[in-house]
Amino acid sequence: MVLIKAHNRWLITTTFVLALFLTVFPVGAALSWLRPEFITLLVIYWVLVMPQQLSLLRLWLLGCAVDLLVGSMLGQHALALMVVSYVCMLSYQRVRRYALWQQSAFVFLIVGLQQLVSNWVHSLSGSTPPSLVFLMPALASALVWPFLYLYLNRLRLRLRVS
Amino acid sequence: MLGSFASPFYLVTDLPSRLLAWGQESVLSRDQLQEHNDALRAELLIHKRKQQQMASLAAENVRLRQLLNSAEMIKDRVLVAELVGVSPDPLTHRVVINKGRRHGVGLGQPLLDAEGLMGQVVEVNELTSQVLLITDATHALPVQISRNGVRAVAQGVGDLYRLTLRHVSNTVDVRVGDLLVSSGLGQRFPEGYPVAEVTSVVNDPGQPFARVVVRPKAHLNRSRHVLLVFGGKAADAGEL
């Protein structure tokens, strides 16, 4: 995320900062399970379109930022993001050729994996999810993915981010 | 220190609801204001009447305590704070308030709302602090039944409307509707603040303990204005 004007890479940083805001935006208790994992969605997106711009170290720092923000155990989201982004970095060449609904399914799997790792760390501190409800954010993320993908694609092409 | 990174995010995401509240407060018709005012006046009158009795009761209490040679009740000082954020993780019951180290907030400080005990401060940053609610699955606090003084431990289960009492034997006198107040035994919460009300007691002979479910008195997901209590030796900043 080097800020060179000609490449317009500031867009990457900006989207992540916006996602951090969306992560803590207050919603009612009923809706809190339906909040898409914006950070993970963006990680998937940027790894798919420009894998050279995101290193695991940066993503680890990003995960630590999320931990500080949410107030969870330091490293919980960092670990989950690393696992998830590693999977994405291994498979981006295939996934970027997928149709949108197939990508959505991929997103469901990836975010589900992230929730799994995250909840595993979380359960070490004593709070276990009541049921499989902790996979709800994965479903919400998969539903949001096509819109996010199309919109960010348009934005990225207009700004010629490279 | 690192946690201060989170403060601006919570303060900014709180802006829309703050704006909404401001709008609702400032765009009111004269009738509504008058009605509101009347209601408040009536409430004030009721509280003032209670206060009159309170003075004589307090004096009597002090006299009786002197007779018993016990310590005097310490008056708690409070600081009014406002909720600015809620933990985005539905599994952890934490809230963020807009008072921090700069206002003299300290670790472990209890938080109240108008109805009862809400939780305790677990992380202090420069401008905000994080509060663990009493319903979090990792939280428990010592309480006693105000009717007969039976002591128990109220444990959170991760449900905003439910706490359970741990290790209450089947023979203990607990009834539905009993008020639980903080007992002050844990040295963390001051004594005598309402915590919860008993909603169900199940005595199953097959189980070693009675299953007692209680409902927190505080409006844990509705209160926006909350009170931070300064016990005996807390900081002097922001006294009310």
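Bear in mind the structure is a predicted one, so any value in this text is a computation, not a measurement. Residue indices begin from 1 for each chain and proceed along its sequence in written order. Chain labels run from A onward and ligand labels from 1 onward, assigned in the order the entries are written. Predicted model: local features are reported for residues with pLDDT of at least 70 only, side-chain atom pairs are reported and counted for 80 or more only, and whole-chain, interface and lining totals are derived from all residues. No hydrogens and no water enter the side-chain calculation; it runs on all heavy atoms of the structure.

**Topic: the overall build of chain B**
Just so we agree on the cut-off: Secondary structure elements follow DSSP: runs of H or I no shorter than four residues count as helices, runs of E no shorter than two count as strands, and numbering proceeds from the N terminus. Think of it in three bands: residues with accessible area under 20% of the maximum for their type are buried, residues over 50% are exposed, and the middle band is partly exposed, with areas taken using a 1.4 Å probe on protein chains only. Residue contacts follow a heavy-atom distance rule, with two residues in contact if any of their heavy atoms lie within 4.5 Å. Charge counting follows a simple rule: Lys and Arg are positive, Asp and Glu are negative, and His as well as the terminal groups are ignored. In this description, the location of a charge corresponds to atom NZ of lysine, CZ of arginine, CG of aspartate or CD of glutamate.
The secondary structure content of chain B amounts to 3 helices and 12 strands. Along the first, second and third principal axes, the C-alpha set of chain B runs to 55 × 45 × 40 Å. By residue count, 37% of the 240 residues in chain B fall in the buried class. Long-range pairs, those at least 24 residues apart, make up 59% of the contacts in chain B between residues at least 6 apart in sequence. Considering chain B, the positive charge centre built from 26 side chains and the negative charge centre built from 24 side chains are found 3 Å apart.

**Side note on the overall build of chain A**
Put simply, the rule is: Only the protein chains shown count as cover for residues, with accessible areas throughout obtained via the Shrake-Rupley method and a probe of 1.4 Å.
Looking only at helices and strands, one finds 6 helices and 0 strands in chain A. Ordered by position from the N terminus, the helices and strands of chain A form the series α-α-α-α-α-α. Overall, the C-alpha framework of chain A stretches about 50 × 30 × 30 Å when taken along its three principal axes. Going through the 162 residues of chain A one by one, you find that 51% of them count as buried. Considering only residue pairs separated by 6 or more positions, chain A has 71% of its internal contacts joining residues 24 or more positions apart. Of the roughly 8200 Å² that chain A leaves accessible, carbon and sulfur atoms contribute 71%.

**What to know about the packing of aromatic side chains**
All names here are of chain A. This is how the line gets drawn: Pairing of aromatic rings covers Phe, Tyr and the six-membered ring of Trp, with a centre-to-centre limit of 6.5 Å; geometry is then stacked below 30 degrees between planes, edge-to-face above 60, and tilted otherwise.
Summed over the entire model, instances satisfying the criterion amount to 5 aromatic pairs over all chains. Consider the rings of Tyr45 and Trp46, whose centres lie 5.0 Å apart with planes at 80 degrees: the pair is edge-to-face. Assigned by exposure class, Tyr45 and Trp46 land together as buried. When the centroid spacing of 5.8 Å and the interplanar angle of 75 degrees are considered together, the rings of Tyr45 and Tyr149 count as edge-to-face. Pair noted here: Tyr45 is in helix H2 (residues 38-49) and Tyr149 is in helix H6 (residues 136-159), with a separation of 104 residues, a long-range link. Judged by its relative accessible area of 0%, Tyr45 is buried. On the basis of relative accessibility, which here comes to 14%, the residue Tyr149 falls in the buried class. By way of ring pairs, the aromatic residues Tyr45, Trp46, Trp145 and Tyr149 are connected into one cluster.

**Topic: the sheet that holds strand S11 (residues 210-216) of chain B**
Convention followed: What makes two strands pair is DSSP finding at least two bridges between them. The axes are straight lines fitted to the C-alpha atoms, using for helices just the contacting stretch, and the angles between their N-to-C directions are given from 0 to 180°.
Reading around the circumference, S6-S7-S8-S11-S10-S9 (chain B) is the order of the 6 strands in this closed barrel, with antiparallel pairing throughout. Neighbour to neighbour, the strand axes of the sheet diverge by 45 degrees on average, direction disregarded.

**Here's the deal with the side chain of Ser87 of chain B**
If you trace the backbone, Ser87 of chain B turns up in the loop between strand S1 (77-86) and strand S2 (94-97). Excluding residues within four positions of it along the chain, Ser87 of chain B makes contact with Val70 of chain A together with Thr92 and Arg94 of chain B.

**Here we look at helix H1 (residues 10-24) of chain A**
An α-helical segment advances 3.6 residues per turn. Residues three or four places apart therefore align on the same side. The line we're drawing: Helix span, as expected, comes to 1.5 Å for every residue beyond the first.
In this model, H1 of chain A (15 residues) spans 22 Å end to end at C-alpha, consistent with the 21 Å of a helix rising 1.5 Å per residue. At its buried positions, H1 of chain A is contacted by H2, helix H3 (56-70) and H6 of chain A together with helix H1 (7-13) of chain B.

**Thoughts on helix H5 (residues 100-124) of chain A**
Taking 1.5 Å per residue as the helical rise, H5 of chain A with its 25 residues ought to reach 36 Å, and the 36 Å between its terminal C-alpha atoms agrees with that figure. A positive backbone phi angle near 110 degrees is found at Gly126 of chain A, which sits one or two residues after H5 of chain A.

**As for the confidence of the model for chain B**
Residue and element names in this part refer to chain B. The criterion, for reference: A residue's pLDDT is the predictor's confidence in that residue, given on a scale from 0 to 100.
Looking at chain B as a whole, the pLDDT averages 86, with 93% of positions reaching at least 70. Within the model, the stretch residues 233-240 combines pLDDT values under 50 with 13 contacts to residues more than four positions away or in other chains. On the interface metric, ipTM, the complex scores 0.82, and its pTM is 0.82.

**Let's talk about the packing of H2 of chain A against H6 of chain A**
Angle between the axes and distance between the axes: these two values describe a pair of packed helices. Residues and elements named next belong to chain A. In plain terms, the rule: Geometric relationships in this document are graded by angle, where less than 35 degrees denotes roughly parallel, more than 145 denotes roughly antiparallel, 65 to 115 denotes roughly perpendicular, and other angles denote oblique. The hand of a helix crossing depends on one turn: near helix anticlockwise from the far one by less than a right angle means left-handed, and clockwise means right-handed.
Running from N to C, H2 and H6 point in directions that differ by 45 degrees, and their axes come no closer than 10 Å. Regarding the angle of H2 to H6, the classification is oblique. Judged by the twist between their axes, the crossing of H2 over H6 is right-handed. In contact with Leu41, Leu42, Ile44, Tyr45, Trp46, Leu48 and Val49 of H2, H6 contributes Ser141, Val144, Trp145, Leu148, Tyr149, Leu152, Asn153 and Arg156.

**A look at the sheet that holds S1 of chain B**
All names here are of chain B. Taken in spatial order, the 6 strands of this closed barrel run S1-S2-S5-S4-S3-S12, and their pairing is antiparallel. Neighbour-to-neighbour, the strand axes of this sheet turn through a mean angle of 45 degrees, independent of strand direction. Inspection of the sheet shows strand S4 (residues 117-124) paired to strand S5 (residues 129-133) by 5 bridges, in the antiparallel sense. Looking across to S5, one finds that Glu123 is bridged to Gln130.

**Considering the nonpolar core**
Spelled out, the test is: Note on terminology: a nonpolar core comprises buried Ala, Val, Leu, Ile, Met, Phe, Trp, Tyr and Cys residues joined through side-chain atoms within 4.5 Å.
Core analysis: the largest hydrophobic core is formed by 44 residues, its most contacted members being Phe16, Ile39, Val43, Ile44, Trp46 and Trp145 of chain A. Among the secondary structure elements, those contributing two or more residues to this core are H1, H2, H3, helix H4 (76-95), H5 and H6 of chain A together with H1 of chain B. Broken down by element, the residue count for this core peaks at 11 residues, all from H2 of chain A. Contacts of Trp145 of chain A, omitting those with residues within four sequence positions, involve Leu41, Ile44, Tyr45, Leu48, Leu100, Gln103, Ser104 and Val107 of chain A.

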